[in-house]
Amino acid sequence: MNSQSNKIALLIDADNISHISIELILTELAKHGVVTIRRAYGNWTKTSLKGWEGNVHEYAIQPIQQYDLIKGKNAADMALIIDAMDILYTKNVSAFCIASSDSDYTPLVTRIIAEGKIVIGVGDKKTPRPFVAACSKFIFADAEKDAESATETEHDNTDATNQPDNTANKLKGDAKLISTLRSAIAESRVNGEWVPLSTVGTYLSKHASFAPKKYGCSCLSDLMKQIDLFELKRGKVGKGQNYVVRDVRKK
């Protein structure tokens, strides 16, 4: 599943997964298709969901309010399941992403897969094995964060005389940024190793959080120039000479 024509429904149980995982989720889903439905379920009156409040707007996620019917027991999971079944039969989607560490979604996953759809699960390492095994693919969000932290720690401990503290080295040390750019180039490639920068930009636009200005650059070409892991040049694209880019590893 790698065609950008694939449509994905992202359903988040906000009570059972951290808001910190959202950028990782969207980056991973962009490799598989276009996220056309983005919903997060929870009782938004609770202080425990404050971290999600800013993210639902930044990442264009629709918050679905579900009040707790019984004290100490959230009802978001039932609302998510009902919506998932409605989407399964009324919307044209190729895959679902269920973001939660709650094993109660295992029957839902098996039902969706029985209809020929793909289910990508996202949760913490504490997620019960039955839910993990039921999904077509499962991403351990906290394991990814641990790996990134290790990479950042290794970079921070590098001898400052060999790694001057400048913009280029900061960008190269951003494991998430480099991974996102490499995925965008790989997924945008059609023929040959050179890819139109505009095509890469279109791919990246599917990430609500991605913007060159976030990294101190005025545009995508400036960002690519700052990082010597990519090669940029003028090439014939359409009717004019526009930028094309390739991953240096592919040379």
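Here the structure is a predicted model, which means the values were calculated and not measured.

Caption draft 1: Region of the structure containing the packing of aromatic side chains. Following the criterion strictly, the structure yields three aromatic pairs and no others. Their ring planes at 80° and their centres at 5.7 Å tell us that Phe 131 and Phe 138 sit as a pair that is edge-to-face. Each member of the pair, Phe 131 as well as Phe 138, is classed as buried. A connected cluster of aromatic rings, assembled from ring pairs, spans Tyr 105, Phe 131, Phe 138 and Phe 140. Seen from the ring of Trp 194, Lys 233 lies directly overhead, with NZ or CZ sitting 4.3 Å from the centre. When the ring centre of Tyr 243 is taken as origin, the NZ or CZ atom of Arg 234, which lies over that ring, is 4.0 Å away.

Caption draft 2: The arrangement of the packing of helix H8 (residues 175-188) against helix H9 (residues 197-204) in detail. Packing of H8 against H9 leaves a shortest axis separation of 9 Å and a crossing angle of 115°. Our pair here, H8 against H9, has a crossing hand that is right-handed. Where H8 approaches H9, its residues Thr 180, Leu 181, Ser 183, Ala 184, Ile 185, Glu 187 and Ser 188 are matched on the opposing element by Thr 199, Val 200, Tyr 203 and Leu 204. Its residues assigned to classes, the contact of H8 with H9 shows six nonpolar, four polar and one charged.

Caption draft 3: Geometry of the sheet that holds strand S1 (residues 7-13). Strand order across the open sheet formed by six strands is S3-S2-S1-S4-S5-S6, with parallel pairing between neighbours. Each edge of the open sheet is held by one strand with a lone partner, namely strand S3 (62-65) and strand S6 (137-140). Neighbouring strand axes in the sheet, compared pairwise and without regard to direction, differ in orientation by 20° on average. The strands touched by helix H1 (residues 22-29) are S1, strand S2 (34-42), strand S4 (95-99), strand S5 (118-123) and S6; relative to S1, the strand with the most contacts, the crossing angle is about 160°. Its contacts with the sheet put helix H3 (residues 76-90) on S1, S2 and S4, and the angle it makes with S2 is roughly 155°.

What counts and what doesn't
Residues numbered from 1 in each chain as written. Predicted model: local features only at pLDDT ≥ 70, side-chain atom pairs only at ≥ 80, totals over all residues. Heavy atoms only, no water. Phe/Tyr/Trp six-rings, centres within 6.5 Å; stacked < 30°, edge-to-face > 60°. Buried < 20%, exposed > 50% of the residue type's maximum accessible area, 1.4 Å probe, protein only. Lys NZ or Arg CZ within 6 Å of the ring centre and 35° of its normal. Axes fitted to C-alpha atoms, helices over the stretch in contact; angles between N-to-C directions. Helix = DSSP H or I, 4+ residues; strand = E, 2+ residues; numbered from the N terminus. Left-handed = near helix turned anticlockwise from the far one by under 90°. Contact = heavy atoms within 4.5 Å. Nonpolar A, V, L, I, M, F, W, Y, C, P; charged D, E, K, R; others polar. Pairing = 2+ DSSP bridges.

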